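# Observations on chain architecture
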Amino acid sequence: MITQSTDGKVTFIQVHGDYLFDDYLKVGSDTVEGLYAFLSDRLTSGRVIKGLNAIGCTAISVRNRSGGFIAGRNMDYRPCRVGVVMTSPHNGHRSVSTVDLSMFVEMDEGLSEMLEDTRLEAVPYLPMDGINDRGVFVCINAVNNGRYVEQQDPDKVTIFTTTALRLILDHAGSTEEAVELLSRYNLRSRTARHLFIADRDGDSRVVEYIDGRMRVRSMDAITNHYHTRDDVVPATENSLSRLRRVMSMMESMGPVDMDGAKDILASVRQDSDDGIHYTRWTVLYDLETLSARLHIRDGEDMAYGSGYSYSLI
């Protein structure tokens, strides 16, 4: 069952029960078209879902003032419609994630059409970031100028990048478990991407795929270059400078609250020259209390709104 509500800026969607993800994990998808074919055949009455555009972004995990951790990210992205998806699967952890509803419905379509669209049955398959009820956070970032993600182990099912996030949200109880789960599958994407995973014990890691191999490194923040190898493609100065800035702020500020974590991410928000790929949202997750705060940037000056607060509890 799916329920929705919207204020015109953010749409909240609740998905209760089975969305056939365990069925998907049995067969996987070699291409994004394969993923969309599975969704069209099984969930969305044959309706087409649009593909992902390039993603920028900065992600962090930082200690909070109560001794736990806050994880969050900037989504540097095309114009989009933001959705918050809460899932309660029969065979997995509850989670909340952020999606781009423009993958499903054109930007100029009315919200009423979007809310009635059967494609929304597929929203659990396309998270950009999220947290589950075990306090595990995960997000997906682009690797600028990186190589395509492509693994070809014939003994493993191949899954798409956003479904790797769903795998973690549904089934991982820690960062260690998330990495182990990923190792059971091939991962494939048309563009270079990496994952950032953090848990309530402060175990935060970047997972990258280079030359067909999964590579993992402990990191407290990532931007948009390879962090497990620096000899593959040169990192852009933009990506390096954002990483240096957030790492410096995290060290100098020490433990922070939600406002402090937002300040760290807001310090590296993107206002690109092309007028398109701005930081569209900043989201923060308290990994202990399972609460979240989402800030949307909109309007001509792309200012941050007051924020939306919600919780898994």
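All chains use their own residue numbering, which begins from 1 and follows the written sequence. Where local features are concerned, this predicted model is filtered to residues with pLDDT of at least 70; where side-chain atom pairs are given and counted, the filter is 80 or more; whole-chain, interface and lining totals use all residues. Heavy atoms throughout the structure, all of them, feed into the side-chain values; hydrogens and water do not.

Looking now at the pattern of salt bridges. Just to be clear on terms, a salt bridge is a Lys or Arg side-chain nitrogen sitting within 4 Å of an Asp or Glu carboxyl oxygen. Counted by the stated rule, this structure contains 16 salt bridges. Of the charged contacts, one joins Asp100 and Arg78 as a salt bridge, the two residues approaching to 2.6 Å between their closest N and O atoms. Of this pair, Asp100 sits in strand E6 (residues 95-100) while Arg78 sits in the loop between strand E4 (69-77) and strand E5 (82-88), and the two are 22 residues apart along the sequence. Neither residue differs from the other here; Asp100 and Arg78 are each classed as buried. Connected via shared salt-bridge partners are Glu176, Asp203 and Arg205. Here a helix means four or more residues in a row that DSSP labels H or I, a strand means two or more in a row labelled E, and each is numbered from the N terminus. Three labels apply to residues, based on accessible area from a 1.4 Å probe with only protein chains included: buried if under 20% of the type maximum, exposed if over 50%, partly exposed otherwise in between.

Here we take up the pairing of strand E17 (residues 291-298). With six of eight residues buried, E17 is to be regarded as a mostly interior element. Whether two strands pair comes down to DSSP finding at least two bridges between them. Where strand E16 (residues 278-286) and E17 come together, six bridges link them in antiparallel fashion. In the strand pairing of E17, Tyr285 is matched with Ala292. In textbook terms, the turn of a hairpin is the stretch between consecutive antiparallel strands, and for E16 and E17 this stretch comprises four residues, one of which, Leu290, has a positive phi near 60°.

Turning next to the sheet that holds strand E1 (residues 2-6). The mixed open sheet is built from nine strands, whose spatial order is E1-E2-E5-E6-E7-E8-E12-E13-E14. Each edge of the open sheet carries a strand with a single partner, namely E1 and strand E14 (213-218). Averaged over all adjacent pairs, the angle separating strand axes in this sheet is 20°, with direction ignored. In what follows, a contact means two residues having at least one pair of non-hydrogen atoms within 4.5 Å. Note on geometry: axes are lines fitted to C-alpha atoms, helical ones only across the stretch in contact, with angles between N-to-C directions running from 0 to 180 degrees. Across the sheet, helix H4 (residues 161-171) is in contact with E5, E6, strand E7 (129-132), strand E8 (137-142) and strand E12 (193-198); its angle to E8 comes to roughly 170°. The sheet contacts of helix H5 (residues 175-183) involve E12, strand E13 (204-210) and E14, and relative to E13 the element is tilted by about 15°.

Below, the discussion takes up the packing of H4 against H5. As a packed pair, H4 and H5 sit with axes 10 Å apart at the nearest point and diverge in direction by 135°. In terms of orientation, H4 lies oblique with respect to H5. Where H4 crosses over H5, the two elements pack in a sense that is right-handed. Taken together, the residues of H5 that come into contact with H4 (itself represented by Ala164, Leu167, Ile168 and His171) are Glu177, Ala178, Leu181 and Leu182. Residues belonging to the contact of H4 with H5 are distributed by class as follows: six nonpolar, one polar and one charged. Throughout, the term roughly parallel applies to angles under 35 degrees, roughly antiparallel to angles over 145, roughly perpendicular to angles from 65 to 115, and oblique to all others. Handedness of a crossing is defined here by the sense of rotation of the near helix relative to the far one, left-handed for an anticlockwise turn of less than a right angle and right-handed for a clockwise turn. Three classes are used: nonpolar for Ala, Val, Leu, Ile, Met, Phe, Trp, Tyr, Cys and Pro, charged for Asp, Glu, Lys and Arg, and polar for all others, with Gly counted as polar.

Read across the sheet, three strands follow the order E9-E11-E10 without closing on themselves; strand pairing throughout is mixed. Each edge of the sheet is formed by a strand with only one pairing partner; in this case those strands are strand E9 (149-150) and strand E10 (158-160). Strands E10 and strand E11 (186-189) of the sheet are contacted by H4, whose axis makes an angle of about 95° with E10.

That's the geometry; what it means functionally is another story.
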